[in-house]
Amino acid sequence: MNVRTNRWLLGLAMSVSVVALAACGSQNDEATPKESSAAAEQSPGADSAQDQQGQQGKPNTKDIPKVVAEVNGEKITKDEFVPLFETQYQQMQMQAQQSGQPVDEKDLKKQTAENLVSTEVLTQEADKRDISVTDKDVDKGLKESAQSGQMSEKDFLKSMQDQGMDEKKVRSELKNQLKIEGLIDDEYGEFEVSGEEIGQAYEQAKAQQEQMAQQGGQGQQEVPPIDEMRPQLKEQVKQQKSTEATQKYAKKLRKQADVTIHL
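Residues numbered from 1 in each chain as written. Predicted model: local features only at pLDDT ≥ 70, side-chain atom pairs only at ≥ 80, totals over all residues. Heavy atoms only, no water.

Trainee: How would you sum up helix 7 (residues 135–148)? Please name residues and give values.
Mentor: Taking 1.5 Å per residue, 14 residues should reach 20 Å; helix 7 reaches 20 Å between its end C-alpha atoms and fits that length. Buried within helix 7 are the following residues: Val138, Gly141, Leu142, Ser145 and Ala146. Along the axis of helix 7, the buried residues cluster in a sector spanning 125°; they form a single face. Facing away from the buried side of helix 7 by over 90 degrees, the exposed positions are Lys136 and Gln147. (Helix = DSSP H or I, 4+ residues; strand = E, 2+ residues; numbered from the N terminus. Expected span 1.5 Å × (residues − 1). Buried < 20%, exposed > 50% of the residue type's maximum accessible area, 1.4 Å probe, protein only. Arc of directions from axis to C-beta.)

Trainee: Give a detailed account of the packing of aromatic side chains, specifying residues and quantitative values.
Mentor: Evaluation of the coordinates by the stated rule reveals 3 aromatic pairs. Pairing phenylalanine 81 with phenylalanine 85 gives two aromatic rings, centres 5.4 Å apart and planes at 25°, and the pair type is stacked. With a gap of 4 residues between them, phenylalanine 81 and phenylalanine 85 both fall in helix 5 (residues 78–99), about one helical turn apart. Considered together, phenylalanine 81 and phenylalanine 85 belong to a single accessibility category, that of buried residues. (Phe/Tyr/Trp six-rings, centres within 6.5 Å; stacked < 30°, edge-to-face > 60°.)

Trainee: An account of helix 8 (residues 153–162) is needed here, citing residue identities and associated values.
Mentor: Residues of helix 8 that are buried: Phe156, Leu157, Ser159 and Met160. An end-on view of helix 8 places all buried positions within 150° of arc, on one side of the element. Summarising the geometry of helix 8, the exposed residues directed more than 90 degrees from the buried face are Lys154 and Asp162.

Trainee: Lay out the nonpolar core with the relevant residues and their values.
Mentor: Core analysis: the biggest nonpolar cluster contains 30 residues, and Phe81, Val117 and Leu122 have the highest contact counts within it. Sorting the residues of this core by element identifies strand 1 (67–71), helix 5, helix 6 (105–128), helix 9 (167–188) and helix 11 (226–256) as the ones contributing at least two each. Considering each element in turn, this core owes the most residues, 7 residues, to helix 6. Residues in contact with phenylalanine 81, not counting those within four places in the same chain, are Ile64, Val68, Lys109, Thr112, Ala113, Leu116 and Leu263. Within the second largest apolar cluster, 11 residues are counted, among which are Leu142, Phe156, Met165 and Val170. (Core = buried A, V, L, I, M, F, W, Y, C linked by side-chain atoms within 4.5 Å. Contact = heavy atoms within 4.5 Å.)

Trainee: Please provide a residue-by-residue account of the pattern of salt bridges, values included.
Mentor: Going through the model one piece at a time under the given rule, you end up with 14 salt bridges. Put simply, aspartate 186 and arginine 129 hold a salt bridge, and the shortest N to O gap is 2.9 Å. With aspartate 186 in helix 9 and arginine 129 in the loop between helix 6 and helix 7, this pair connects stretches of sequence that are 57 residues apart. Overall, the relative accessible area of 47% leaves aspartate 186 in the partly exposed class. With a shortest N-O distance of 2.5 Å, lysine 238 and glutamate 190 are connected by a salt bridge. Separated by 48 residues along the polypeptide, lysine 238 in helix 11 and glutamate 190 in the loop between helix 9 and helix 10 (195–216) bring together distant segments of the chain. (Salt bridge = Lys/Arg side-chain N within 4 Å of Asp/Glu carboxyl O.)

Given below as structure tokens:
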């Protein structure tokens, strides 16, 4: 179990995986949430009324079909779609309160479907290559992630349940994520990190710390020396490279796949 999976599982507590975020907008290389939202603002009144209704609580999921998408004959169902969509919606709502920009439900549904499609094409490719993940691997991942979140495994699974994911679903999602990590390792090998890249990451960390201090109106905390942070920074750069590689490979597989989205 590595840091990538640990971070992903902690994110899973909010029903969002690293893969989903990395693959966001995989069908359109230049797509960003802001650009997509601007394009979707042209949708007429009925959609706007639904959006306004959804933003008062949970999003509108009544019109989501039982089969959201099909990827090379494999179905992505409404039950798989809704927890991820609802949680991403809640996150977007929090951002909207800060920015004053309303959440575009229609665009978010499309993004969520594309995220799930990207995850599916990666998982299918991992299966083709016989990337294996054992039950012991999954058990270890759950244990380490609970510890990283300073929770017992029972409390961790309870937090998953609160997000609409029972233990069986959590284990299934973790197994797929581990397969995808194995696939990326198989495709790209070990990601090398240079001293220059570590230095750039260190400067970014200092800049972020300074920005947080300014926003919080508090004194800036001193960033530890680079040598002290080197292992953490190296892992961070590896994570960034892995995410970029996952996104790139998902786009490639997406173009080759037979995909139908029913939204």
